[in-house]
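Residue-level structural notes
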Amino acid sequence: MKNFCLNTWSRAGLTAVAALALNACAPGQDTPTPTIGVNVSRYLAVGDSYTAGLSAGGLTLASQQYSYPNLLAQQLRGAQADATFSQPLLAAGAGSGYFSLVDFTAQGFPRTRRVPGPAVRRLVINPAACGGADTIRLLTRTDAPGTLPQNLGVPGLRLAQLQVANLGNEINATPTGNFNPYFERILPASDSRTYLKVVTDAAASATFFTYFLGLDDLMPYLRSGGQCGTAPNSTLTNTLRNNAKVVLDVLTAGGRPGIIARLPDLNTLPLLRTGRGLSLQKRLQATYGDNALLYIEDPFGSGVAQPITDDEYVLATVLPRIGQPSPVLVGTTTMMLPYGRDVRNPIRDADVMDFDEMNRVNSVLNSYNTELDRLASVVYKMPIIDASKKSSTLDLNGAMPSYVGEAISVGGVLYSAEPVRGNFFSLDYYTPTPRGNALIANAFISAINKAYQANIPAIDVNSLPSVAQ
Amino acid sequence: MRARLLFLLPLFSGLTAAASGFETGPQGARVLGLGGASTAYIGSIAGLSVNPGLLGQWGDSLTRLSFGGFGQIRRSSYIGQDTYKRTDQDLTVLPGGYFYATRAVSKRVSVGLALTSPYGYHTKWPDTWEGRSVIQESQLNTYFAQPTVGIRLSDNFSAGVGFVYAYGKYSQRRALGQYDATNTSYQFSSSGSGYGVNVGLYGRSGDNLAFGISYRSGVRLKMNNGTIGTSGVPARDAALYPASSSFKTQINLPSTLSVGLADRITKNLLLTFDFTLNGWSTLDSLRLDVAASGTAPAQRLSTARRYEDALAFRVGAEYQASPKLTLLGGLNYDESPIRDEYINPEFIDANRLGASAGLSYQLTPRFALEGAYAFSYGQQRLSRANPLNATVSNVGGTYRTATSTASIGLAVAF
């Protein structure tokens, strides 16, 4: 008699009025109790921009609090009350700066501006950087630099830099130095430790880990349309594979349980997805009301423009300029022609990830993912997460929108790769919004539930904000 | 209680489908107490709306009236498939009422009128629940008017035919969860009418056994005056969600085919049995044909429902306790027309087992007071949401549903 709100028969001698009232209660159901089969009392998160909680191109207190490791830790605490999690939080209002939305162009592409961050204490400018001057922003140090945080996510951290000494030491903060300001701010001043050493130190007390590293190794190449960053070749592949084993050896030492995430398909990122060749062409034709094709420069420099295909991606940062008149030298006269929408004014190579560039970077990514899978199942013998593929690593593609179809539907809300309106990705076309982070955290939760016979509740994604500032 | 009634299940296991859906239940206090098994029951003129063939049986010199009201509380609880959060629907009372009148115009011909509210629901979830972007509140009310003619074919047989005019109101409200502001909402409302017919036959063999059979056609409520409104949408998306637009839709109410028996076991005890086939399969999907508004183009919003035809089985008992007091009881099993794949929190239904009790008290030779209460409890239903299917807006989880209906009315004969 679960449907009755009173729990004993002793109260059953009721008047008809009372019977009516009690039947008006909603029928009961038992809610599952959160449980977990492994000790998560000290969870250690290792990763790059995603793990750190970078959002809209910047780190703020709110974006850190909505990082997927922090959201995950909150859910873990429901199953194990003594679970702790610490992050290198910025002070309220003291962010590193971020992008905010100005408006949409007539074609529906967002225009952004950069809001300066009060946490920036020094600028280092490299005027000779590939693709234009680059600025490194040194940030205020965390409150407790003596104690390493459990969230070791560092924005912009490249796995290739795993064993670079002084990566977080201000003496390396020179225009061409190997330096990461976000790493610097979680360490004491003048600390020469490598990222690997820091992970080793923090892992000593950790009982559980997540690993989601490697995406930031490929991003500079993607952002520059294949012009800058480490060239994706077999050297990079081997570096990533070897370094992954080095850091995972530390994390899985002594059979420490955890979740290793593979990298998602790069074309799920809005940086590429919003500018997918033929979809973009169709969208522009619809808003301009014409049949103009999109042209890109021939990547081999023959000087002949070629029509775009679906294997080529115009960078999202360039999209507001596509179709806008720009000066081109045709013969001896300079003409104003719509950028990209005229065969004489093709989209520059630096603004497109073309077929070959995509192939190169994807082969690195696939090889790295395969190695992660092999390490997890063969070397570390971690429990299986995806039974159908016999895989012991987490495939994040299922959590990302636009993997199958163009959107996913969560509780009646659509999430797509579209910035702002898609709610998943922030305005840097790369990192997630708080809701995107929650969907990633839910993917980790689902993986933990499968691998460790746990019963951790997922996050109600739609109740989180869609911007982290 | 459910476990003890499990012996009934084999009876129904051979059936492919059953009734219930958003029927509000028997339309009359006395037939509610009887569990709704009234296709061959002439103890109350409320049977008129179920079987017009009964009308010929009230062909004496009396004018009969029966009227009253009922309230239905239908509540479901929900547990999120992944979030494990429990949400109970808000308490809502769906009001309803009935009015019947019969009068003989000649020895063989009688006329009658039935005003009922046979279909409806009022689903209200808390505004902040997990599925708020799927549905927050949905309400359907219908009113049927059925003028009826009954003919007494012989002492033991009668037939009847009624014309049904139906009016319905439908409204819905949900949150636009893609926006951070919690006060953004999307709502629509519409109303419209439709027509149908109701025919039936009643027969008796001797004094102890009677049967009835009736068919009521489906009714299509054509709603052409719908309005959609949104509020709280940020200015940047004003073109996607116009503040107001108009739409047309149609709601198909099911046909019903009922077969019933009434058997007088002893002088004081009457048992009745009913089988009803409800043609819910006409309710295939909810389509809103939205007219163009501003820069937003005309579009069709379609939500699949794919209801199945459904059977209901009902048993009732009437016991004459004293010359003035009649006691009523009933049991019913209603199959749900909603398939597992199409469970949607807008309207939760399940195969339900119900029991009812009622009484009729003869205040004076002309007036009888009737009252009844019915309770039904549904199976647990599991709904799975597939995020990769972006065209379906839903939440995954388990649902339990219970329904309480209370009715009180007066029967007059003069």
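Residues numbered from 1 in each chain as written. Chains lettered and ligands numbered in written order. Predicted model: local features only at pLDDT ≥ 70, side-chain atom pairs only at ≥ 80, totals over all residues. Heavy atoms only, no water.

When helices and strands are tallied, chain B shows 2 helices and 21 strands. The C-alpha radius of gyration computed for chain B amounts to 23 Å, which stays within 12% of the reference 22 Å derived for 414 residues, consistent with globular compactness. Overall, the C-alpha framework of chain B stretches about 75 × 45 × 40 Å when taken along its three principal axes. Counting all 414 residues of chain B, 54% fall into the buried class. (Helix = DSSP H or I, 4+ residues; strand = E, 2+ residues; numbered from the N terminus. Rg over C-alpha atoms; globule rule 2.2 N^0.38 Å. Buried < 20%, exposed > 50% of the residue type's maximum accessible area, 1.4 Å probe, protein only.)

To continue, consider helix H8 (residues 234–251) of chain A. Residue and element names in this part refer to chain A. Along its 18 residues, H8 runs 25 Å from first to last C-alpha, staying within 8% of the 26 Å computed at 1.5 Å per residue. Among the residues of H8, Leu236, Thr237, Leu240, Asn243, Ala244, Val247, Leu248, Val250 and Leu251 are the ones counted as buried. End-on, the buried residues of H8 take up no more than an arc of 155 degrees, which puts them together on one face. Counted as exposed and oriented over 90 degrees from the buried face of H8: Ser234 and Thr235. Where H8 is buried, its residues contact strand E1 (43–47), helix H6 (195–203), strand E7 (208–212), helix H7 (215–223), strand E8 (258–260) and helix H11 (355–379). N-cap assignment for H8: the residue whose side-chain oxygen lies 3.1 Å from the backbone N of threonine 235 is asparagine 233. (Expected span 1.5 Å × (residues − 1). Arc of directions from axis to C-beta. Contact = heavy atoms within 4.5 Å. Polar contact = N/O pair within 3.5 Å; in protein donor to acceptor, adjacent residues only side chain to side chain.)

What follows deals with the domain arrangement of chain A. Residue and element names in this part refer to chain A. Entries for chain A in the domain assignment read domain 1 (1–30), domain 2 (43–271 + 353–463) and domain 3 (277–352). Averaged C-alpha coordinates put domain 2 and domain 3 at centres separated by 32 Å. At the junction of the two partners, domain 2 supplies 23 residues and domain 3 supplies 21 residues. Sorting the residues of domain 2 by area buried against domain 3 places Gln107, Phe109 and Met353 first, and these three jointly supply 35% of that buried surface. For the pair domain 2 and domain 3, the interface holds 1 salt bridge. Across the salt bridge formed by glutamate 418 and arginine 283, the nearest N and O atoms sit 3.0 Å from each other. Joining domain 2 to domain 3, the criterion identifies 7 residue pairs in polar contact (both at pLDDT 80 or more). Among the secondary structure elements, those contributing two or more residues to the side of domain 2 that touches domain 3 are strand E3 (110–115), H7, helix H9 (270–273) and H11. For the side of domain 2 that touches domain 3, the leading source of residues is H11, giving 4 residues. Each residue belonging to the side of domain 2 that touches domain 3 can be placed in one class, and the counts come to 10 nonpolar, 7 polar and 6 charged. (Domains from an automatic or database assignment. Buried area = accessible area lost by both parts, 1.4 Å probe. Salt bridge = Lys/Arg side-chain N within 4 Å of Asp/Glu carboxyl O. Nonpolar A, V, L, I, M, F, W, Y, C, P; charged D, E, K, R; others polar.)

This paragraph deals with the confidence of the model for chain A. Do not read the predicted coordinates in detail wherever pLDDT is low. Per-residue confidence for chain A gives a mean pLDDT of 86, with 94% of residues at or over 70. In this model, residues 1–20 of chain A is a region of pLDDT below 50 whose contacts with residues beyond four sequence positions or in other chains number 17 contacts. (pLDDT = per-residue confidence, 0-100.)

Residues and elements named next belong to chain A. Taken together, the buried positions of H6 are occupied by Tyr195, Leu196, Val198, Val199, Ala202 and Ala203. Buried residues along H6 cover an arc of 160 degrees about the axis, so they all sit on one side. As for H6, its buried residues are in contact with E1, strand E6 (151–153), helix H5 (181–184) and H8.

On to the sheet that holds E6(A). All names here are of chain A. An order of E6-E1-E7-E8 is seen for the 4 strands of this open sheet, with the pairing classed as parallel. Every interior strand has two partners, whereas the edge strands, E6 and E8, have only one. Between one strand and the next, the sheet's axes are offset by a mean angle of 10 degrees, whatever the strand orientation. Bridge count between E1 and E6: 3 bridges; the pairing is parallel. Bridge pairing in E6 links alanine 45 to asparagine 151. Of the strands in this sheet, E1 and E6 touch H6, which is tilted by about 165 degrees from E1. (Pairing = 2+ DSSP bridges. Axes fitted to C-alpha atoms, helices over the stretch in contact; angles between N-to-C directions.)

Of all the 5 residues making up E1(A), 5 are buried; the element is thus mostly covered by neighbouring parts of the structure. In E1(A), alternate side chains face the same way, and those of A:Tyr43, A:Ala45 and A:Gly47 on one face and A:Leu44 and A:Val46 on the other are all buried.

What follows is about the environment of A:Leu315. Within the secondary structure, A:Leu315 is located in the loop between strand E11 (313–314) and strand E12 (325–330). In this view, A:Leu315 contacts A:Leu222, A:Arg223, A:Ser224, A:Gly225, A:Leu271, A:Leu272, A:Ala350, A:Asp351, A:Val352 and A:Met353; residues no more than four positions away in its chain are not counted.

Moving on, we get to the interface of chain B and chain A. On the side of chain A, 41 residues touch chain B, which itself brings 44 residues to the contact. Between chain B and chain A, roughly 3,300 Å² of surface is buried when both sides are summed, and carbon and sulfur atoms account for 55% of that area. Looking at the side of chain B facing chain A, the largest losses of area belong to B:Tyr84, B:Arg236 and B:Leu388, adding up to 20% of the total buried there. One salt bridge in this structure joins B:Asp180 and A:Arg435, with 3.4 Å as the shortest N-O distance. Seen at the junction of chain B and chain A, the total is 14 residue pairs in polar contact (both at pLDDT 80 or more).

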